[in-house]
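Residue-level listing of the chains:
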Amino acid sequence: MAIDYSRELNKEQLQVVTAGDGPCLVLAGAGTGKTRTIVHRVAYLLENGIDPRQILLVTFTNKAAREMLRRVELLIGAQPQGLWGGTFHHVGHALLRRYGSRIGIAPSFTILDQDDNLEVLKSVMAAHGISTKKDDSKYFPSPDVLENLISFCANSMRPLSELIEQWIPKHAHLTPDILRVASAYEQKKRERNVVSFDDLLSFWLKILRERPEVRQSLGGKFEYILIDEYQDTNRLQGMIVEELAKGPPRTVLNDTQGQSLSARNILVVGDDAQAIYAFRAATVENIMRFPEVFPGAKTFRLVQNYRSTQSILDLANACISCNRRQFEKELRTVHGRGTKPELVGCADPFEEARFIAGRVLELREEGESLLESAALFRAAYQGMQLELELQKRGVPYVIRGGIRFFEQAHIKDVVAYLRVVGNPKDEIAWQRILKMEPGIGVKTAAEIMKLIVGNFSPPPQSSPIKGEEVNANSPPLVGGARGGGRSQEGLRKVLARVEKLKSLKQIDAMIEYVLQAFYETYAEATFENANDRIEDLEQLAIFARTYSAGGSSPGDSLEQFLADATLSEGFRGERGVTREGLSFVKDSPSEEYLVLSTIHQAKGLEWKNVFVLGLVDGQFPHYKSRANRAEMEEERRLFYVAITRAKERLFLTYPLTSMASMGTAINQPSLFVRELDPRLYKTMLEDEEEVIEIE
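Where an unreviewed UniProt entry is consulted, the chain appears under the name DNA 3'-5' helicase, with the organism given as Candidatus Uhrbacteria bacterium RIFCSPLOWO2_01_FULL_47_24.

Next up, the structure:
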């Protein structure tokens, strides 16, 4: 049955779905149903005969891609086989596997995460005689600082020397040394056949620029390109989009004529008013310059809001109108006017915390779940007082964020064994598994690695040294290695385990073997919460069975598992605090909790009741942004994002006084509040006795 688009969509959404041919910019305001619009656009293309293999759907999370494809399948009643959907990094990974050899990247490469990048940098710095000890950090930037600089350099496409001058000016005299380390870092990754997250995009762009036949092939392959959250893209991603759009014009649909036209079918969806990730190298200029980069582009606006009341939207509209560089739009609701937002001045941060905790409990007593409320702040430290107050009152809460599942130490320990099976030249994985053995430290592991890599001869059919070739009585494999017999025994065990893993065909069996062979004992001796970590690994083994059941060869399924393990953001170990002060996992279905979050972490979410705290000058907006208009406008966009998380009630709070280095500081409300028409909100003062409304 054909989809009745005019019934399913509002007029704004319908225009995008049926007339989104050629270059199109869709400005989707907060809560206006952009996901619904994208899903129906894909369904519309499929219903009109477009081959799903000719559609590329790029999202910012794999979860979003899976959800969109699931909804497309529900709409059209069939799975869109062959449709390309995923994040920039996932698409880059797939293309690099296929075309990487054109620029010298072997298809068996391993993907490094941030911790792995740091290990490579430490190794390079050591080779250059640069200490990585914390005590020596005053003489040379730490590996963390260097990794961040190099990553930002790649994503922003700005010169590294320029970033050094801007970010670490006191170390600017070390620029030549830093550049040498950065160059050696890139060279070592190539030698070890490993790539970073940033490399997935940099090499994708390199392929498009240097291999015109590949760009031409992809230009013919992807007739329709749809990109979500375009305001959050960085310069590197923007350049990839521009390169993908080059080449011969593409065939498009024309509903009114029933004919084909020629154009570049690239549709980007985003909201310049929600561009808040400049610190990650994202640039609002990608979306702002889209009409310039793609002359003749159509611009659509989605402004009908399905989330908030009009009183909240009036405040949001007034807030963002103060920004000069923006696409103007006025959000309007499908709901009623609702109650006005409240601006609440509290005596100090302690009183502010007491007000929020008390109001949350009042709402709870009125029958609302704690899950309906959230407290948002610009910086994490602003939530400290509220945490203490919630613990004192026994209110369970969760702090959004937390370590990604696959970035936890115990997961990386076990996955390192699988990485060695998949890529015997993976130095970082070898070092990790070697250093888990008694008697093998950093230096010994490095010496063993020289031996392993030196004896390695592709193709990787097996480890260069077998476990049975090493025993406690063998001549030392590593001359002068500390630990003596212990290091020999540790190496023998590691190599024996790797050989055993190579004989196993299923990924889940590999994980279970590592657990049983030694890791359960190792975890008990290493971690306080060993039982929880072992349970994580057991669940990982269960998760891995989906790869073994796919029908692909063991090598291919392992390669895909390792890629997904590195790229996945779906497993997130957010933990909270119960009424008894005990830790609990966020996803526990029996728990009810209040959400505490930075505004950056809250983007894309919504709650019935939202408290935005710490709204004082110097904190929000941050005092360092006052002299820079672009930074100031991003701060205002951050406030806009906070406002538009609220569905029915919005509380803006600030402390009238706070402790400062010179004593007690007298605060005034944030500039972002003062520049608004006071008629848009109610002004309240909180003291220990009552909340007083100011007329």
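## Some details on the overall build of the chain
In terms of helices and strands, the chain carries 27 helices and 24 strands. Taken over 695 residues, the chain has a buried fraction of 53%. Excluding contacts between residues fewer than 6 apart, the proportion of contacts in the chain whose partners are at least 24 apart in sequence is 77%. For the chain, the computed accessible surface area is about 31,100 Å², with 49% contributed by carbon and sulfur atoms.

## A look at the pattern of salt bridges
Going through the model one piece at a time under the given rule, you end up with 56 salt bridges. The partner of Arg-211 in a salt bridge is Glu-213, with the nearest N and O atoms 3.0 Å apart. Since its relative accessible area comes to 35%, Glu-213 is described here as partly exposed. Here Asp-617 and Arg-626 are joined by a salt bridge, their closest N and O atoms 4.0 Å apart.

## Concerning unusual backbone geometry
Note the cis peptide between Phe-620 and Pro-621, where omega equals 5 degrees. For Pro-621, the location among the structural elements is in the loop between strand 19 (607-612) and helix 26 (629-643). Within the chain, Met-157 stands out as a residue other than glycine whose phi angle is a positive 60 degrees. Along the chain, Met-157 falls in the loop between helix 7 (143-156) and helix 8 (160-167).

## Looking at the nonpolar core
Tyr-417 and Tyr-519 are the most contacted members of the largest nonpolar core, which has 46 residues in total. When contributions to this core are tallied by element, the ones reaching two or more residues are helix 18 (409-422), helix 19 (427-434), helix 20 (442-454), helix 21 (485-503), helix 22 (507-526), helix 23 (530-548) and helix 24 (554-567). By size, the runner-up hydrophobic cluster in this structure holds 45 residues, among which are Leu-56, Val-58, Phe-88 and Tyr-230.

## Side note on the sheet that holds strand 9 (residues 266-270)
Strands belonging to one sheet form pairs held by backbone hydrogen bonds; the direction of such a pair is parallel or antiparallel. Strands sit in the order 3-2-6-9-1-10 across an open sheet of six strands; the sheet is parallel. Each edge of the open sheet is held by one strand with a lone partner, namely strand 3 (84-87) and strand 10 (298-302). When the angles between neighbouring strand axes are averaged without regard to direction, this sheet yields 15 degrees. Relative to strand 10, strand 1 (residues 24-28) is paired through five bridges, and the arrangement is parallel. When the sheet's bridge partners are listed, Leu-25 is paired in strand 10 with Thr-299.

## Quick look at the environment of Phe-290
Inspection of the secondary structure puts Phe-290 in helix 14 (residues 290-293). The class of Phe-290 is buried, set by a relative accessible area of 1%. Sequence spacing of Phe-290 and Cys-24 is 266 residues, and the spatial spacing of their C-alpha atoms is 8.7 Å. With sequence-adjacent residues up to four places away left out, Phe-290 is seen in contact with Pro-23, Cys-24, Leu-25, Tyr-230, Ile-266, Val-268 and Ala-297.

## Regarding helix 6 (residues 114-127)
In a regular helix each residue adds 1.5 Å, so 14 residues correspond to 20 Å; helix 6 covers 20 Å between its end C-alpha atoms and thus fits that length. Regarding helix 6, the residues found buried are Asp-116, Asn-117, Leu-118, Val-120, Leu-121, Ser-123, Val-124 and Met-125. Those residues of helix 6 hidden inside the fold are in contact with strand 4 (110-111), helix 7, helix 9 (175-191), helix 18 and helix 19. The N-capping residue of helix 6, defined by a side-chain oxygen 3.1 Å from the backbone nitrogen of Asp-115, is Asp-113. Note on helix 6: the residue one or two positions beyond its end, Gly-129, has a positive phi of about 75 degrees.

## Structural notes on the packing of aromatic side chains
For the structure shown, the criterion picks out 17 aromatic pairs. Positioned over the ring face of Phe-109 is Arg-97, at 3.8 Å from the centre of the ring.

## Details of the UniProt feature "binding site: ATP" (unreviewed entry) in the chain
As recorded in UniProt, the sites labelled "binding site: ATP" (unreviewed entry) are Ala-28, Gly-29, Ala-30, Gly-31, Thr-32, Gly-33, Lys-34 and Thr-35. With respect to the helices and strands, the residue Gly-29 is situated in the loop between strand 1 and helix 3 (34-47). When near neighbours in sequence (up to four residues on either side) are disregarded, Gly-29 contacts Asp-271, Gln-274, Leu-302, Lys-329 and Leu-331. Considering the arrangement of structural elements, one finds Gly-33 in the loop between strand 1 and helix 3. Residue classification places Gly-33 among the partly exposed residues on the basis of a relative accessible area of 24%.

## Points about the state of the cysteines
Counting across every chain of the model gives zero disulfides. Between Cys-322, a cysteine without a disulfide, and Cys-319, which holds the nearest cysteine sulfur, the sulfur-to-sulfur distance is 6.7 Å. Note on Cys-322: relative accessible area 29%, which makes it partly exposed.

## Regarding the environment of Gly-238
Its place among the elements puts Gly-238 in helix 12 (residues 235-244). Along the primary structure Gly-238 and Asn-286 are separated by 48 residues, whereas in three dimensions their C-alpha atoms are 6.1 Å apart. If we ignore the near neighbours within four places in the chain, the residues touching Gly-238 are Tyr-230 and Asn-286.

## Side note on the packing of helix 6 against helix 19
Following both chains from N to C, one finds helix 6 and helix 19 inclined at 90 degrees, their axes separated by 10 Å at the closest point. Looking at the two axes, helix 6 sits roughly perpendicular to helix 19. For the pair helix 6 and helix 19, the contacting residues are Asp-116, Glu-119, Val-120 and Ser-123 in the first and Glu-427, Ile-428 and Gln-431 in the second. Taken together, the residues of the contact of helix 6 with helix 19 break down into two nonpolar, two polar and three charged.

## Focus on the side chain of Asp-113
Structurally, Asp-113 can be placed in the loop between strand 4 and helix 6. From its side chain, Asp-113 meets the backbone nitrogen of Asp-115 in a polar contact 3.1 Å long. Those residues in contact with Asp-113 that sit more than four places away from it in its chain are Glu-407, Lys-412 and Thr-566.

How each quantity is defined
- One numbering rule holds for all chains: residues counted from 1, following each sequence as written.
- For this predicted model, a pLDDT threshold of at least 70 governs which residues receive local features, and a threshold of 80 or more governs which side-chain atom pairs are given and counted, while totals over whole chains, interfaces and linings are taken from all residues.
- Heavy atoms throughout the structure, all of them, feed into the side-chain values; hydrogens and water do not.
- Only DSSP runs of H or I with at least four residues qualify as helices, and only runs of E with at least two residues qualify as strands; both kinds are numbered from the N terminus onward.
- Only protein chains enter the accessibility calculation, which uses a 1.4 Å probe; a residue is then buried when its area is under 20% of its type maximum, exposed when over 50%, and partly exposed in between.
- Contacts were defined at the residue level, with two residues in contact if any of their heavy atoms lie within 4.5 Å.
- Note on areas: Shrake-Rupley with a 1.4 Å probe; residue coverage comes only from the protein chains shown.
- By definition, a salt bridge exists where a carboxyl oxygen of Asp or Glu is found within 4 Å of a side-chain nitrogen of Lys or Arg.
- Here, nonpolar core refers to any group of buried Ala, Val, Leu, Ile, Met, Phe, Trp, Tyr and Cys residues whose side-chain atoms link them within 4.5 Å.
- Strand pairing requires that DSSP identify at least two bridges connecting the strands.
- Between the N-to-C directions of two axes lies an angle of 0 to 180 degrees, each axis being a line fitted to C-alpha atoms and, for a helix, fitted only over the stretch in contact.
- Every helix has an expected span of 1.5 Å times one less than the residues it contains.
- Two N or O atoms form a polar contact when they lie within 3.5 Å of each other; inside protein one atom must be a possible hydrogen donor and the other a possible acceptor, and for residues adjacent in sequence the pair counts only when both atoms belong to side chains.
- Here the aromatic set is Phe, Tyr and Trp, taking the six-membered ring for Trp, and pairing holds for ring centres within 6.5 Å; pairs whose planes are under 30 degrees apart are stacked, those over 60 apart are edge-to-face, and all others are tilted.
- A ring is scored as having a charge over it whenever the NZ atom of a lysine or the CZ atom of an arginine sits within 6 Å of its centre and within 35 degrees of its normal.
- UniProt positions are given in the numbering used here, feature names are shortened, and annotations may be inferred rather than shown by experiment.
- Here, a disulfide means two cysteine sulfur atoms that sit within 2.5 Å of each other.
- Should an angle fall under 35 degrees it is called roughly parallel, over 145 degrees roughly antiparallel, and 65 to 115 degrees roughly perpendicular, with every other angle called oblique.
- Polar here means any residue outside two lists: the nonpolar Ala, Val, Leu, Ile, Met, Phe, Trp, Tyr, Cys and Pro, and the charged Asp, Glu, Lys and Arg; Gly therefore counts as polar.

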